[in-house]
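Coordinates in review
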Amino acid sequence: MSRRLLVTGFDPFGGADINPAWEAVNQLPDEVGDFTLLKLQIPTVFGEAARRVLAQAEKFQPDVILCVGQAGGRNAVTPERIAVNIRDGKIPDNEGNQPEGERVVPDGPAAYFSTVPVKAMADAICAAGLPGQVSNSAGAFVCNDTLYLLLHHYVGTDVRVGFIHVPWLPQQGTPSLPLENTVQALIAAIEAC
């Protein structure tokens, strides 16, 4: 029986004209393993990114939500283990918001653990011959914000939520990973869900 997976990628931010997260998500096939995929580009904006995901999820009714973001400086595709209740922007988001040490949800818990099998996903990426490892920090920018808000929304439900950071594309700097490798890594990670 087919399951539904909502997979998202962010638009470019910080003055860049490309975001490897969306480029890779956009190139995923419509079906991976026993998942039917719905691909969605979301804005790099605190709060608004999660609102867009939740609005789409209400219509699509996914079994799994997997968000993908760019992590310049990383040399591996990294499923995230934890989302923390903090907003701290080193740079402004795409609407000029730059919170400093604010809580994502004022009365929310300090952190949530991802509800997808991050270790199995990282192992699957490595088994595909690609660089993969579990990350214990999604940062404090919009990526972490989105993961935290989704986990907060779906706590206690059957909907599983995860986040994967991907390296830059070669044209963005180093370390980097070619787009086709990032796409293959995401396919391996999805198959492990």
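Residues numbered from 1 in each chain as written. Predicted model: local features only at pLDDT ≥ 70, side-chain atom pairs only at ≥ 80, totals over all residues. Heavy atoms only, no water.

**Quick notes on helix α4 (residues 142–154)**
Helix length check: α4, at 13 residues, gives a terminal C-alpha distance of 18 Å against a target of 18 Å (1.5 Å per residue), a fit within 8%. The buried count for α4 comes to 11 of 13 residues, which makes it a mostly enclosed element. Buried residues of α4: Val 142, Cys 143, Asn 144, Asp 145, Thr 146, Leu 147, Tyr 148, Leu 149, Leu 150, Leu 151 and Tyr 154, and no others. Following α4 by one or two positions, Gly 156 adopts a phi angle in the positive range, close to 80°. (Helix = DSSP H or I, 4+ residues; strand = E, 2+ residues; numbered from the N terminus. Expected span 1.5 Å × (residues − 1). Buried < 20%, exposed > 50% of the residue type's maximum accessible area, 1.4 Å probe, protein only.)

**What about the side chain of Asn 144?**
Within the secondary structure layout, Asn 144 lies in helix α4. Residue Asn 144 is classed as buried on the basis of its relative accessible area of 1%. From its side chain, Asn 144 meets the backbone oxygen of Val 84 in a polar contact 2.8 Å long. When near neighbours in sequence (up to four residues on either side) are disregarded, Asn 144 contacts Ile 82, Ala 83, Val 84, Ile 86, Ala 138 and Gly 139. (Polar contact = N/O pair within 3.5 Å; in protein donor to acceptor, adjacent residues only side chain to side chain. Contact = heavy atoms within 4.5 Å.)

**Concerning the pattern of salt bridges**
Under the definition given, this model contains seven salt bridges. The partner of Lys 39 in a salt bridge is Asp 30, with the nearest N and O atoms 3.3 Å apart. Since its relative accessible area comes to 51%, Asp 30 is described here as exposed. With a closest N to O distance of 2.9 Å, Glu 48 and Arg 52 form a salt bridge. Placement of the pair is Glu 48 and Arg 52 together in helix α2 (residues 48–60), with a separation of four residues, close to one helical turn. Linked by salt bridges that have partners in common, Glu 48, Arg 51 and Arg 52 make up one network. (Salt bridge = Lys/Arg side-chain N within 4 Å of Asp/Glu carboxyl O.)

**Considerations on the sheet that holds strand β5 (residues 78–79)**
Ordered by their spatial adjacency, six strands build an open sheet running β2-β3-β1-β4-β10-β5, and the pairing between neighbours is mixed. Each of the sheet's edge strands pairs with one partner strand only, and the pair in question is β2 (31–32) and β5. With five bridges connecting them, strand β1 (residues 3–10) and strand β4 (residues 64–70) associate as parallel partners. Residue pairing in the sheet places Gly 9 in a bridge with Val 68 of β4. Relative to strand β10 (residues 160–166), α4 is tilted by about 170°, and along the sheet it contacts β1, β3 (35–42), β4 and β10. Its contacts with the sheet place helix α5 (residues 179–191) against β1, β2, β3, β4 and β10, and it is angled at close to 160° to β10. (Pairing = 2+ DSSP bridges. Axes fitted to C-alpha atoms, helices over the stretch in contact; angles between N-to-C directions.)

**Remarks on the nonpolar core**
Leu 5, Leu 28, Leu 37, Ile 164, Leu 186 and Ile 190 are the most contacted members of the largest nonpolar core, which has 33 residues in total. Counting only elements with at least two residues in this core, the list comes to β1, α1 (20–26), β3, β4, α3 (118–127), β10 and α5. Looking at this core element by element, the count peaks at eight residues for α5. (Core = buried A, V, L, I, M, F, W, Y, C linked by side-chain atoms within 4.5 Å.)

**Side note on the packing of aromatic side chains**
A complete count under the given rule lists four aromatic pairs for this structure. Between Phe 10 and Phe 163, the ring centres sit 6.3 Å apart and the planes meet at 40°, which makes this aromatic pair tilted. Separated by 153 residues along the polypeptide, Phe 10 in strand β1 and Phe 163 in strand β10 bring together distant segments of the chain. The burial state of Phe 10 is the same as that of Phe 163; both residues are buried. With 5.8 Å between their ring centres and 45° between their planes, Phe 13 and Phe 141 make a pair best called tilted. Remark: Phe 141 occurs in the loop between α3 and α4 and Phe 13 occurs in the loop between β1 and α1; sequence separation between them is 128 residues. Here the two residues Phe 13 and Phe 141 agree in accessibility, since each one is buried. Pairwise contacts between aromatic rings join Phe 13, Phe 46 and Phe 141 into one cluster. (Phe/Tyr/Trp six-rings, centres within 6.5 Å; stacked < 30°, edge-to-face > 60°.)

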